[in-house]
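Observations on chain architecture
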Amino acid sequence: MDAATDLAAHLVAARAHFAGRLAFETDVSDAHAALESGDPGFVFIDTRSREAWEQGHARGALHMPKPDMPRRIPAEFAPGTRFVVYCWGPACNGATRAGLIITELGFEVKEMIGGFEYWAREGLPVDAVRADGEVVDATYPVDPLTSPLPAAGARIACDC
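If you're wondering where the values come from, they're calculated on a predicted model, not measured in any experiment.

1. Thoughts on the state of the cysteines
- Within the structure shown, the criterion is met by 0 disulfides.
- As a non-bridged cysteine, Cys 87 has Cys 92 as the owner of its nearest cysteine sulfur, 3.3 Å distant.

See below:
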């Protein structure tokens, strides 16, 4: 093969790779913006344990651990429902496993990359459940490494 053919093959493969990632992944900023719109077009699911959920979860999420999905999803959601799932963070594949379960059930799903860790680190709304069952605001301060703050204190978006 010549260099032009190699480049063309590389570009075809790269486009397929990146298009595939965008088809099956979303990020915390886009998930939050969709939820804030009031009509996100998906059900937002936290796949972590009850203990993790109670310590803190993304506001607007539904708690559904992976073992419950095969029973609950077909019973609670109409065909055609779309989902966005998350687990702890980038070093966890729980959301990937949840995505597999949901697709095996015949539903569309995207994984929220960054998971709860980056949701919280970006200062997005977090709820926690106290021992008495009351849901309280547990939003974390913005981590300047994930969402830098200018001197005036206004949040800078990554503009992606």
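2. Brief notes about the sheet that holds strand 3 (residues 57-58)
- Strand order in the open sheet made by the 3 strands is 3-7-8, with antiparallel pairing throughout. Whereas interior strands pair on both sides, the edge strands pair on one side only; in this sheet they are strand 3 and strand 8 (135-137).
- As paired elements, strand 3 and strand 7 (residues 126-129) share 2 bridges and run antiparallel to each other. By the bridge assignment for strand 7, His 57 is matched with Asp 127.

3. Notes on helix 2 (residues 28-36)
- Of all the residues in helix 2, the buried ones are Val 28, Ala 31, His 32 and Ala 34. Burial along helix 2 is one-sided: seen end-on, the buried residues are contained in an arc of 160 degrees.
- Lining the buried residues of helix 2 we find strand 1 (25-27), strand 2 (43-46), strand 6 (108-113) and helix 6 (115-121).
- The N-cap of helix 2, judged by a side-chain oxygen 3.3 Å from the amide nitrogen of Ser 29 a few residues on, is Asp 27.
- Looking one or two places after helix 2, you find Gly 38, whose phi comes out positive at around 90 degrees.

Rules used in this analysis
Residue positions are given per chain, counting from 1 as you read along its sequence in written order. With the structure being a predicted model, the display of local features is reserved for residues of pLDDT at least 70 and the display and counting of side-chain atom pairs for 80 or more, all residues being used for whole-chain, interface and lining totals. Based on all heavy atoms of the structure, the side-chain values leave hydrogens and waters out of the count. Any pair of cysteine sulfurs within 2.5 Å is marked as a disulfide. When DSSP finds two or more bridges between a pair of strands, those strands are recorded as paired. Here a strand is any run of E in DSSP of at least two residues, a helix any run of H or I of at least four, and the numbering for each starts at the N terminus. Working definition: with a 1.4 Å probe on protein chains only, accessible area under 20% of the residue-type maximum means buried, over 50% means exposed, and in between means partly exposed. By definition, the arc is the one covered by directions from the helix axis to the C-beta atoms. In what follows, a contact means two residues having at least one pair of non-hydrogen atoms within 4.5 Å. Here a polar contact means two N or O atoms within 3.5 Å. Within protein one must be a hydrogen donor candidate and the other an acceptor candidate, and residues neighboring in sequence count only if both atoms are side-chain atoms.

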